[in-house]
Amino acid sequence: MALPNIPLVDLKAQYAAHKTEIDAAIARVIENTAFIGGAELQRFETAFAAFCEAPVAIGCGNGTDAIALALKGLGIGAGDEVVVPSMTFIATAEAVEMVGARPVFADCDPDTLLMGPAEVEAVLTPNTKALLPVHLFGQPCDMPGLMALAKAKGLKVIEDSAQAHGARVGGQRIGSFGDAATYSFYPGKNLGAYGDGGAITTTDPALADWLRKARNHGRAKKYEHDFSAVNSRLDGLQAAILGAKLPHLDDWSARRRERAGWYDAWIAAEVPDAQPIVQREDTTSVYHLYVIRVPNRDAVLAGLKARGVMAGVHYPIALHQQPAFADWNVTDEDMPHTAAACAQILSLPMYPELSKESARRVIVSLKEALEQSAAT
Ligand SMILES: *Cc1c(COP(=O)(O)O)cnc(C)c1O
């Protein structure tokens, strides 16, 4: 009999492990009919801020809105340029366009696939107003380097932390370097809601005040609106579910690192054709994804699938290659490291509950798929 498939992520395993707490949180919200705002939201915002080692966290509808709200709150709009990595999820650049600004794509470091100061510097213009570094796959960017550059050029910095809740540079949590940091609680993220959700952290009290109103129709108090804004709230059910999960997040991140350690060691010893993404020194990744580079990527992906290993690709199409951004006329020659990586990368199954037996099967399957792809 065939072994069961190993998924890329397994949300059912997490629910099964914490069903009692999560079910109780959901029941509490329904019994109190506190569906929007209220105590659950406040409790989660306070707890998430503490987790991020930030003074405040403001919940919102999703991670894309979180970026757009932060940009707008920092005064970024029409005529402004915001530097974003080409190697990221579309939301990073989409949020820039949502506020009427122009996303300017930067290439990535060939080893870490992160946007660093060198890649940013190459695309700065007199219209650059902000940087949007992404802590990709759970690995923190060079924040000290990016902040030094931003300071020298007078630029705002928003850390897109959608994939990296709780990661650290040195001892410091990501999110505390820039003017603001944005988070997504999309179900598959390291801290996932049971629907959409997002948050913004900031050390700027004026920005926090503006964000609290902006996510809720510019509302100052009942019936009174200081400005017209949007409806982008983190609802009570999501806040309660996230609040039930948050106490486990550091443990889940440690388990992700443990699994990454198994993969690292086995790949180094047994799979010379696969290269894990290089980790920067003095950083603590939370391994949202475990990404490797392989030759014959599509054949290896198919070989893994045939063996019941559901690997993924993040991302097969870089932002500068997306039809959505064709008008910006950025070519593969402009973004050589990003373009090369898109054709080679592959994400192995990664979730805190992944068993050692399953992880072992992933590596054995990877070895077989690579050998098979080389022979054909
Ligand atoms: C998921 C993600 C987002 C957007 O989050 P949503 O909650 O889906 O809107 C933004 N940036 C990155 C890097 C992401 O991975």
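Refer to the structure above for everything that follows.
Residues numbered from 1 in each chain as written. Predicted model: local features only at pLDDT ≥ 70, side-chain atom pairs only at ≥ 80, totals over all residues. Heavy atoms only, no water.

Draft legend 1. Representation of unusual backbone geometry. In this structure, Tyr 315 follows His 314 across a cis peptide bond, with omega equal to 10°. Following the sequence through the fold, Tyr 315 ends up in the loop between helix H10 (297-306) and helix H11 (336-342). Phi at Leu 113 takes a positive value of approximately 65°, unusual for a residue other than glycine. You can see Leu 113 is positioned in the loop between strand S3 (102-106) and helix H5 (117-121). Residue Phe 137 is not a glycine yet carries a positive backbone phi of 65°. The topology assignment puts Phe 137 in the loop between strand S4 (128-131) and helix H6 (143-153). (Helix = DSSP H or I, 4+ residues; strand = E, 2+ residues; numbered from the N terminus.)

Draft legend 2. A look at the layout of surface pockets. By volume, the largest pocket is sized at about 450 Å³. When residues of the lining of the largest pocket are traced back to their parent elements, those giving at least two are helix H3 (63-73) and helix H4 (91-98). Top contributing element to the lining of the largest pocket by residue count: H3, with 3 residues. Per-class residue counts for the lining of the largest pocket are 10 nonpolar, 11 polar and 3 charged. Looking at the second largest pocket, its volume works out to about 240 Å³. Lining the second largest pocket are 15 residues, with Gly 37, Leu 41, Arg 212, Arg 215 and Asn 216 positioned closest to its centre. Element by element, the count of residues in the lining of the second largest pocket is highest for helix H2 (residues 39-52), at 3 residues. Split into classes, the residues belonging to the lining of the second largest pocket amount to 4 nonpolar, 5 polar and 6 charged. (1 Å grid on protein atoms, 1.4 Å probe; cavity = no way out; pocket = protein on both sides within 12 Å on 5 of 7 lines; lining within 4 Å. Points joined across faces, edges and corners; volume = space filled by probe spheres on them. Nonpolar A, V, L, I, M, F, W, Y, C, P; charged D, E, K, R; others polar.)

Draft legend 3. Examining the sheet that holds strand S14 (residues 290-293) more closely. Spatial strand order, S12-S14-S15: 3 strands in an open sheet with antiparallel pairing. Each edge of the open sheet is held by one strand with a lone partner, namely strand S12 (275-276) and strand S15 (345-348). (Pairing = 2+ DSSP bridges.)

Draft legend 4. The arrangement of the site of the ligand in detail. Close to the ligand lie 14 residues, the nearest being Gly 63, Thr 64, Asp 160, Ser 184 and Lys 189. Coverage of the ligand by the protein amounts to 93% of the 380 Å² it exposes when considered alone. In this structure, the ligand is accommodated by the largest pocket. When residues of the shell around the ligand are traced back to their parent elements, those giving at least two are H3 and H4. In terms of residue class, the shell around the ligand is made up of 4 nonpolar, 8 polar and 2 charged. (Near = heavy atom within 4 Å. Areas by Shrake-Rupley, 256 points an atom, 1.4 Å probe, with all protein chains shown as cover. Sits in = over half its atoms within 2 Å of the grid points.)

Draft legend 5. Main features of a nonpolar patch on the surface. A grouping of Ile 30, Phe 35 and Ile 36 is seen on the molecular surface, where their side chains present a nonpolar patch of about 280 Å² in accessible area. The residue Phe 35 is located in the loop between helix H1 (11-32) and H2 in this model. By relative accessible area, Phe 35 is classed as partly exposed at 37%. (Patch = residues over 30% accessible without salt bridge, like charges linked within 9 Å, V, L, I, M, F, W, Y side chains within 5 Å. Salt bridge = Lys/Arg side-chain N within 4 Å of Asp/Glu carboxyl O. Buried < 20%, exposed > 50% of the residue type's maximum accessible area, 1.4 Å probe, protein only.)

Draft legend 6. Spotlight on the environment of Gln 14. Its location among the elements puts Gln 14 in helix H1. Remark: the alpha-carbon pair of Gln 14 and Trp 252, spanning 238 residues in sequence, is separated by 9.7 Å. Beyond its immediate sequence surroundings of up to four residues, Gln 14 is in contact with Lys 245, Trp 252 and Glu 353. A polar contact of 2.6 Å, which involves the side chain of Gln 14, links it to the side chain of Lys 245. (Contact = heavy atoms within 4.5 Å. Polar contact = N/O pair within 3.5 Å; in protein donor to acceptor, adjacent residues only side chain to side chain.)

Draft legend 7. Highlighting the pattern of salt bridges. Using the criterion set out here, one finds 17 salt bridges in the structure. For Lys 367, the salt bridge is made with Glu 270, and the minimal N-O distance between the two is 3.3 Å. Here Glu 270 lies in helix H9 (residues 249-270) and Lys 367 lies in helix H12 (residues 356-375), a separation of 97 residues in the sequence. Judged by relative accessible area, Lys 367 falls into the partly exposed class, the value being 27%. For Glu 270, a relative accessible area of 24% puts it in the partly exposed group. Connected via shared salt-bridge partners are Glu 53, Arg 168, Arg 173 and Asp 250.

Draft legend 8. Examining empty space enclosed by the protein more closely. Evaluation of the coordinates by the stated rule reveals 2 cavities of 30 Å³ or more. Lining the largest cavity are 15 residues, with Leu 11, Gln 14, Lys 189, Arg 256 and Pro 352 positioned closest to its centre. Elements with a minimum of two residues in the lining of the largest cavity: H1 and H9. Broken down by class, the residue content of the lining of the largest cavity amounts to 6 nonpolar, 4 polar and 5 charged. A volume near 90 Å³ is recorded for the second largest cavity. Surrounding the second largest cavity, Leu 136, Phe 137, Gln 139, Asp 264, Pro 276, Ile 277, Gln 279, Ser 285, Tyr 287, Leu 289, Tyr 290 and Val 291 form its lining. Among the residues forming the lining of the second largest cavity, the class breakdown is 8 nonpolar, 3 polar and 1 charged.

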